[in-house]
Amino acid sequence: MSHVLAIDQGTTGSTVIILDFNGEVKAKVNQEYKQIYPKPGWVEHDPEDIWTSVLDVIPKALKLAQISGNDIKAIGITNQRETTMLWNRATGRAFHNAIVWQDRRTSSFCEKLKRKGLEKKFKEKTGLVLDPYFSGTKINWILQNVPEAKKNIKECAFGTVDTFLLWRLTGGTVHATDVSNASRTLLMDLKTLKWDSGLCKILSVPEEILPEIKPSIGLFGHTKNLEVLPNGIPITGVAGDQQSALFGQACFEMGEAKCTFGTGSFLLLNTGSKIVRSKSGCLTTVAWQWKNKITYAVEGSAFICGAAVQWLRDGLRIISKSADVEPLAASVPDCGGVQFVLALTGLGAPYWDPDARGVICGLTRGSSKAHLARATLEGMALQNVELLNAMQKDLNKKIKTLKVDGGASANNLLMQIQADYLGVKCIRPAVIETTSAGAAFMAGLGAEIWKSLDDVKKVWRKDTDFVPKTSEKQRRDRLKLWQGAVKGTRIS
């Protein structure tokens, strides 16, 4: 039996899953690692923590699946996308901590570029807005603020997390990325799928430090000099986490959409071979490339989703574990007027306000931790309503179903709230770790374990449908209350 190993390197931890030829998950192991907050609005990871977490979970997954490394026919990688690293090619060591996608330190630089009238140019070329979210301004910050990186520019290599893992997995022989990750840097032209020298110049990013851009499905390299895996295993699938989740949900047709409930929430809609330019605050991005066929998507992202539940657990300590939020929220019939706008690291689409801050309002003497828990779930759902509404406006088309995945999609109450407020049926798959599954499917296609997208569709399975139970007026009235609360976040 052929097995595929997928590395899902996420914001709060690294997960490895092993799938067999039938798409059955034979093992899944996760390990969290340290989050670093040097200043308010700054978020970092130690690259060595990331690498160690990956090395730690691989042998555990092999043991759980009761196979050896020799049974792995291909490896797929999916990753937190815009998180940025620069390292020394000679030593392999990073010049600075990884700057995480949530990090806001380049806000003033983005504003400076906007004042110069450059946002239109970036949006036209890359499909993105000028926001600290993306990698390009993070590269600029490291080069401007880390003397060792600037001094050793000839030995410097840039990578998002996929590139860093490829480098380490192949013993420093491969410096590459895929089109989906490259499309999140502010540096790649959406049409040509090449680094744009003009944009590199604006951001003062030397092109020679950038990785080679490759299709998402195909051979990237082979494992080399690893204690946890034998040499020579092909790495044949790479994609950013949200594009990987879209693939893992088998959203292969134009108009199909998914929403991943992870650290943040990310709604992607397949637009096929067409580049759809958003006028409603969403992003245009590359979904994936297989051979010569390019698939694009429209994306809306909210930076805080499941992370809000972690905050209830670790910050406020009103729950002891994340799973406790569902029964606590279900203990009250509604949020009792409490609103929680989850702008803990700024607002993403469709507002794009990096200076916005979280708001809890509508409190009374009768408000309880259960009302706050319920307001948290409602806030998670309502920000997705705004994303879907923006996408439907761009496409001038109503979406009838939405596939849902990610850790928080296991929360039945949240999924029902989501369906109610969207007015759209939400479909949860049997395997909710579709980010990992997508990377495995891509790797399997790249290694020809599966021959076609139809083969992948056959191994995707549905778990539960969540059907809306509210009226159009109820949905409209609830969204109006939410939008009033959102105004309170805009302190700039």
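Residues numbered from 1 in each chain as written. Predicted model: local features only at pLDDT ≥ 70, side-chain atom pairs only at ≥ 80, totals over all residues. Heavy atoms only, no water.

Examining the overall build of the protein
- The helix and strand inventory of the protein stands at 16 helices and 21 strands.
- Here the C-alpha atoms of the protein give a radius of gyration of 21 Å, agreeing with the 23 Å that 2.2 N^0.38 yields for 492 residues.
- Taking the principal axes of the C-alpha coordinates as reference, the protein spans close to 60 × 55 × 45 Å.
- Considering only residue pairs separated by 6 or more positions, the protein has 72% of its internal contacts joining residues 24 or more positions apart.
- Put simply, the protein shows about 18,900 Å² of open surface, and 50% of that area lies on carbon and sulfur atoms.
- A distance of 4 Å separates the average location of the 64 positive side-chain charges in the protein from that of its 49 negative side-chain charges. (Helix = DSSP H or I, 4+ residues; strand = E, 2+ residues; numbered from the N terminus. Rg over C-alpha atoms; globule rule 2.2 N^0.38 Å. Contact = heavy atoms within 4.5 Å. Areas by Shrake-Rupley, 256 points an atom, 1.4 Å probe, with all protein chains shown as cover. Lys, Arg positive; Asp, Glu negative; His and termini not counted. Charge placed at Lys NZ, Arg CZ, Asp CG, Glu CD.)

Quick notes on the side chain of Gln 392
- Here Gln 392 is to be found in helix α12 (residues 369-395).
- Overall, Gln 392 belongs to the buried group, its relative accessible area being 11%. (Buried < 20%, exposed > 50% of the residue type's maximum accessible area, 1.4 Å probe, protein only.)

Observations regarding the pattern of salt bridges
- Across all of its chains, the model carries 26 salt bridges by this definition.
- In this structure, Asp 463 engages Arg 428 in a salt bridge whose closest nitrogen and oxygen atoms are separated by 3.2 Å. Residue Asp 463 is located in strand β21 (residues 462-466), and its partner Arg 428 is located in strand β20 (residues 425-429); the two are separated by 35 residues in the primary sequence.
- For Asp 463, a relative accessible area of 44% puts it in the partly exposed group.
- Notably, a salt bridge pairs Lys 462 with Asp 465, separated by 3.1 Å at the nearest N-O pair. (Salt bridge = Lys/Arg side-chain N within 4 Å of Asp/Glu carboxyl O.)

Considering the packing of aromatic side chains
- Across all of its chains, the model carries 17 aromatic pairs by this definition.
- For the pair Phe 134 and Trp 352, a centre-to-centre distance of 6.2 Å together with 40° between the ring planes defines the contact as tilted. You can see Phe 134 sitting in the loop between α3 (119-126) and α4 (135-145) and its partner Trp 352 sitting in the loop between β17 (339-341) and β18 (359-361), a full 218 residues away along the chain.
- On the basis of relative accessibility, which here comes to 12%, the residue Trp 352 falls in the buried class.
- One aromatic cluster is present, formed by Trp 101, Tyr 133, Phe 134, Phe 266, Phe 303 and Trp 352 through successive ring pairs.
- For Arg 105, the ring lying beneath its charged end belongs to Trp 42, and the centroid distance is 3.8 Å.
- Here Arg 105 stacks its cationic end above the ring of Trp 141, 4.5 Å away from the centre of that ring. (Phe/Tyr/Trp six-rings, centres within 6.5 Å; stacked < 30°, edge-to-face > 60°. Lys NZ or Arg CZ within 6 Å of the ring centre and 35° of its normal.)

Things to note about the nonpolar core
- Leu 86 and Ile 209 are the most contacted members of the largest nonpolar core, which totals 136 residues.
- If one sorts the elements of this core by residue count, α12 sits on top with 13 residues.
- Not counting residues within four places of it along the chain, the set of residues in contact with Leu 86 comprises Ala 94, Phe 95, His 96, Ile 139, Ile 142, Leu 143, Cys 156, Ala 157, Phe 158 and Ile 209.
- Ala 27, Ile 50, Trp 51 and Leu 165 belong to the second-largest nonpolar core, a separate cluster that totals 37 residues. (Core = buried A, V, L, I, M, F, W, Y, C linked by side-chain atoms within 4.5 Å.)

Considering the packing of helix α9 (residues 241-248) against helix α14 (residues 434-446)
- Look at α9 against α14: their axes get within 7 Å of each other, and the N-to-C directions meet at 75°. In terms of orientation, α9 lies roughly perpendicular with respect to α14. Contacts between α9 and α14 involve Asp 241, Ser 244, Ala 245, Phe 247 and Gly 248 on the former and, on the latter, Thr 434, Thr 435, Ala 437, Gly 438, Ala 439, Phe 441, Met 442 and Leu 445.
- Residue composition of the contact of α9 with α14, grouped by class: seven nonpolar, five polar and one charged. (Axes fitted to C-alpha atoms, helices over the stretch in contact; angles between N-to-C directions. Parallel < 35°, antiparallel > 145°, perpendicular 65-115°, else oblique. Nonpolar A, V, L, I, M, F, W, Y, C, P; charged D, E, K, R; others polar.)

With respect to helix α16 (residues 472-487)
- Compared with an ideal rise of 1.5 Å per residue, which puts 16 residues at 22 Å, α16 spans 23 Å between its outermost C-alpha atoms and is within 8% of the ideal.
- When we look at burial in α16, the residues that qualify are Arg 475, Arg 478, Leu 479, Trp 482, Ala 485 and Val 486. Each buried residue of α16 sits inside an arc of 115° when the element is viewed along its axis, so together they form one side. Turned more than 90 degrees away from the buried face of α16, the exposed residues are Lys 473, Lys 480, Leu 481 and Lys 487.
- Packing partners of the buried residues in α16 comprise β17, β18, α12 and α13 (412-422). (Expected span 1.5 Å × (residues − 1). Arc of directions from axis to C-beta.)

Description of the confidence of the model for the protein
- On average, residues of the protein score 93 in pLDDT, and 99% of them are at 70 or above.
- Confidence scores differ between elements of the protein, with α16 showing the lowest mean pLDDT of 89 and strand β9 (residues 176-178) the highest of 98. (pLDDT = per-residue confidence, 0-100.)

Some thoughts on the packing of α12 against α13
- The interhelical angle for the contact between α12 and α13, taken along N-to-C directions, is 40°, at an axis separation of 9 Å. The orientation of α12 relative to α13 falls into the category oblique. For the pair α12 and α13, the crossing hand works out as right-handed. Residue-level inspection shows Arg 374, Leu 377, Glu 378, Met 380, Ala 381, Leu 382, Asn 384, Val 385 and Leu 388 of α12 in contact with α13, the latter providing Leu 413, Leu 414, Ile 417, Gln 418, Tyr 421 and Leu 422. (Left-handed = near helix turned anticlockwise from the far one by under 90°.)

Overview of the pairing of strand β1 (residues 3-9)
- Burial of β1 is extensive: seven of the seven residues sit out of reach of the surface.
- What you see with β1 is no split at all: His 3, Leu 5, Ile 7 and Gln 9 on one side and Val 4, Ala 6 and Asp 8 on the other are buried throughout.
- Relative to strand β5 (residues 72-79), β1 runs parallel, the two being bridged by seven bridges. For His 3, the partnering residue across the bridge sits in β5 and is Ile 72. (Pairing = 2+ DSSP bridges.)

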